[in-house]
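Coordinates in review
One letter stands for each residue in the lines below.
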Amino acid sequence: MAIRQKNDTGDLPLDVILDGDCVARMNALPENSVDLIFADPPYNLQLKGELHRPDNSKVDAVDDHWDRFNSFNSYDKFSREWLAAARRLLKPNGAIWVIGSYHNIFRVGSALQDAGFWILNDVVWRKSNPMPNFRGKRLTNAHETMIWAAKSDTAKYTFNYEALKALNEGVQMRSDWVLPICNGNERLKDDNGDKAHPTQKPESLLHRVLIGSTKPGDVVLDPFFGTGTTGAVAKRLGRHYIGIEREAAYRKVAEKRLAAIKRYDRDALEVSTSKRAEPRVAFGTLVERGLLRVGAELRSLNGRHKAKVRADGTLVAFDTKGSIHQVGAALEGAPSCNGWTYWTFKRSGDWVPIDLLRQQIRAEMAPA
């Protein structure tokens, strides 16, 4: 059953698939109510005639009615309309991702900027297993492009830098992503055993997008929902989704898919965050709480230096007095020092970093 979230301008339906035209549906929702939009609009591939492999077998290409436009002007008009509706829906600090191919992404990018969005990155999704170019007259089309944009140039959009870095084995995430196209067991089939949707996106792509640019509890809207990849990943990751899809066949597949999805538990949804994003804890708090007694001896991690805790949360070592950082830097003759990792205290016979006590207090400060 769908739930509704109270908003200043009305009720927002959550975890639902809405049928009908995406522009009309978005315009009927309360403005400034959505945290993120992921859009996979028609690419306007302009296919002329059937496409065959060298063995003369037919390629299951995208020739559906929803991808047909009479002209570039009609496609541009469509893009401007749905982007205007999307911008109205986004919260002031919201953001949008739009994916496309060379057929449409440059036109959509221009429309994004004309609508007032502020482009943050373009991301190249390099397909590790692309479909070959069967006619042999062009390069294999091995990538698609995603544009990530904030609602404005002053928006404080969500960017989970540390989480994406952790996904990338501790290295800063780049703007070229090598991921496979959707195939195998992930590829959904209809009742006849055929592809349920010709351009189903892999869940790995949406996982990276949502981990990097949303938080648990955020509302993610997909105006071209298809078979529900955005909703499936959002549900697993503890985000709310709103899907809009006018094709009944796709809605049927998406509803069945989403009904089988289970949300990850709360602990599993925690992601790496920047140290600056964590609650600030003063060293004096440890003294006030009795976690470290006044007069207790601290030792440097390298064992070369020691200092005594004073009642006001400072340290004294010989003639050097000051904060845990200042005293550590002075003793080491260094320009700076992270006192939390430099100093240790004795517990159960072992010398352990005082940062353990800070983490204990941070855990108590965390929301329930």
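Residues numbered from 1 in each chain as written. Predicted model: local features only at pLDDT ≥ 70, side-chain atom pairs only at ≥ 80, totals over all residues. Heavy atoms only, no water.

Below, the discussion takes up the overall build of the protein chain. Assigned secondary structure in the protein chain consists of 12 helices and 16 strands. When the 368 residues of the protein chain are sorted by exposure, 45% land in the buried category. Across the protein chain, contacts joining residues at least 24 apart in sequence account for 66% of those joining residues at least 6 apart. On the protein chain, roughly 20,000 Å² of surface is accessible, and the fraction owed to carbon and sulfur atoms is 49%. (Helix = DSSP H or I, 4+ residues; strand = E, 2+ residues; numbered from the N terminus. Buried < 20%, exposed > 50% of the residue type's maximum accessible area, 1.4 Å probe, protein only. Contact = heavy atoms within 4.5 Å. Areas by Shrake-Rupley, 256 points an atom, 1.4 Å probe, with all protein chains shown as cover.)

Our focus in this paragraph is the sheet that holds strand 11 (residues 297-300). Reading across from one edge, 14-13-12-11-15-16 is the order of the six strands in this open sheet, with antiparallel pairing throughout. Because the sheet does not close on itself, it has two edges, and the strands there are strand 14 (320-322) and strand 16 (350-353). Ignoring which end each strand starts from, the neighbouring axes of this sheet average 35° apart. Contacting strand 13 (315-317), strand 14 and strand 15 (343-347), helix 10 (residues 324-332) crosses the sheet at an angle of about 150° to strand 14. (Pairing = 2+ DSSP bridges. Axes fitted to C-alpha atoms, helices over the stretch in contact; angles between N-to-C directions.)

What follows covers the packing of aromatic side chains. Evaluation of the coordinates by the stated rule reveals 11 aromatic pairs. Ring geometry for Trp82 and Phe224: centres 5.2 Å apart, planes at 85°, overall edge-to-face. A residue pair is termed long-range when its members are at least 10 positions apart, and Trp82 in helix 2 (residues 72-89) and Phe224 in the loop between strand 9 (219-222) and helix 6 (229-236) qualify at 142 residues. The buried category is assigned to Trp82, whose relative accessible area is 0%. A ring pair is formed by Trp148 and Phe159, whose centres lie 5.5 Å apart and whose planes are at 50°; its orientation type is tilted. Pair noted here: Trp148 is in strand 7 (residues 143-150) and Phe159 is in the loop between strand 7 and helix 4 (161-167), with a separation of 11 residues, a long-range link. Overall, the relative accessible area of 41% leaves Phe159 in the partly exposed class. (Phe/Tyr/Trp six-rings, centres within 6.5 Å; stacked < 30°, edge-to-face > 60°.)

Right, let's get into unusual backbone geometry. A negative phi angle characterises most non-glycine residues, just as the trans form characterises most peptide bonds. At Asp15, a position not held by glycine, the phi torsion is positive, near 55°. Relative to the helices and strands, Asp15 resides in the loop between strand 2 (10-14) and strand 3 (16-18). Overall, the relative accessible area of 24% leaves Asp15 in the partly exposed class.

Strand direction decides the pairing type here: strand 11 and strand 15, joined by two bridges, are antiparallel. Note that in strand 15 the partner of Ser300 across the bridge is Trp343. Examined bridge by bridge, strand 15 and strand 16 share four bridges and lie antiparallel to one another. Counted as the bridge partner of Phe345 is Val352 from strand 16. Turn length for the strand 15-strand 16 hairpin, with the two strands adjacent in sequence and antiparallel, is two residues, and the turn residue Ser348 shows positive phi of about 55°.

What follows covers the nonpolar core. In this structure, Met26, Ile37, Trp82, Ile96, Leu221 and Ile242 are the most contacted members of the largest nonpolar core, which totals 33 residues. For this core, the element with the highest residue contribution is helix 2, accounting for seven residues. The next biggest cluster of nonpolar side chains, apart from the first, holds 32 residues, and it includes Phe38, Ala95, Met146 and Ala254. (Core = buried A, V, L, I, M, F, W, Y, C linked by side-chain atoms within 4.5 Å.)

So, about the pairing of strand 11. Because side chains alternate across strand 11, one face comprises the buried residues Leu298 and Ser300, and the other comprises Glu297 and Arg299, none of which is buried. With three bridges joining them, strand 11 and strand 12 (residues 306-309) adopt antiparallel strand pairing. Bridge assignment links Leu298 to a residue of strand 12, and that residue is Ala307. If you look at the hairpin formed by strand 11 and strand 12, you'll find five residues sitting between the two strands, and Gly303 has a positive phi there, around 80°.

Take the environment of Val220 next. Along the chain, Val220 falls in strand 9. Considered as a pair, Val220 and Gly94 are 126 residues apart in the sequence and their alpha carbons are 10.0 Å apart. Apart from the residues within four sequence positions on either side, Val220 is in contact with Leu36, Leu210, Thr214, Thr230, Arg239, His240, Tyr241 and Ile242.

Below, the discussion takes up helix 2. Counted at 1.5 Å a residue, the expected span for helix 2 with its 18 residues is 26 Å, and the 26 Å between its end C-alpha atoms agrees. Turning to helix 2, its buried residues are Tyr75, Asp76, Phe78, Ser79, Trp82, Leu83, Ala85, Ala86 and Leu89. Residues of helix 2 that are buried make contact with helix 1 (22-27), strand 4 (34-39), strand 5 (90-100), helix 3 (105-114) and strand 9. (Expected span 1.5 Å × (residues − 1).)

With mixed pairing, the eight strands of this open sheet are ordered in space as 3-10-9-4-5-7-6-8. Of all strands in the sheet, those bounded by a partner on one side alone are strand 3 and strand 8 (176-179). Strand-to-strand, the axes of this sheet are offset by a mean angle of 20°, without reference to chain direction. Of the strand pairs in this sheet, strand 5 and strand 7 are connected by six bridges, and their pairing is antiparallel. Within strand 7, the residue paired with Val98 across the bridge is Ile147.

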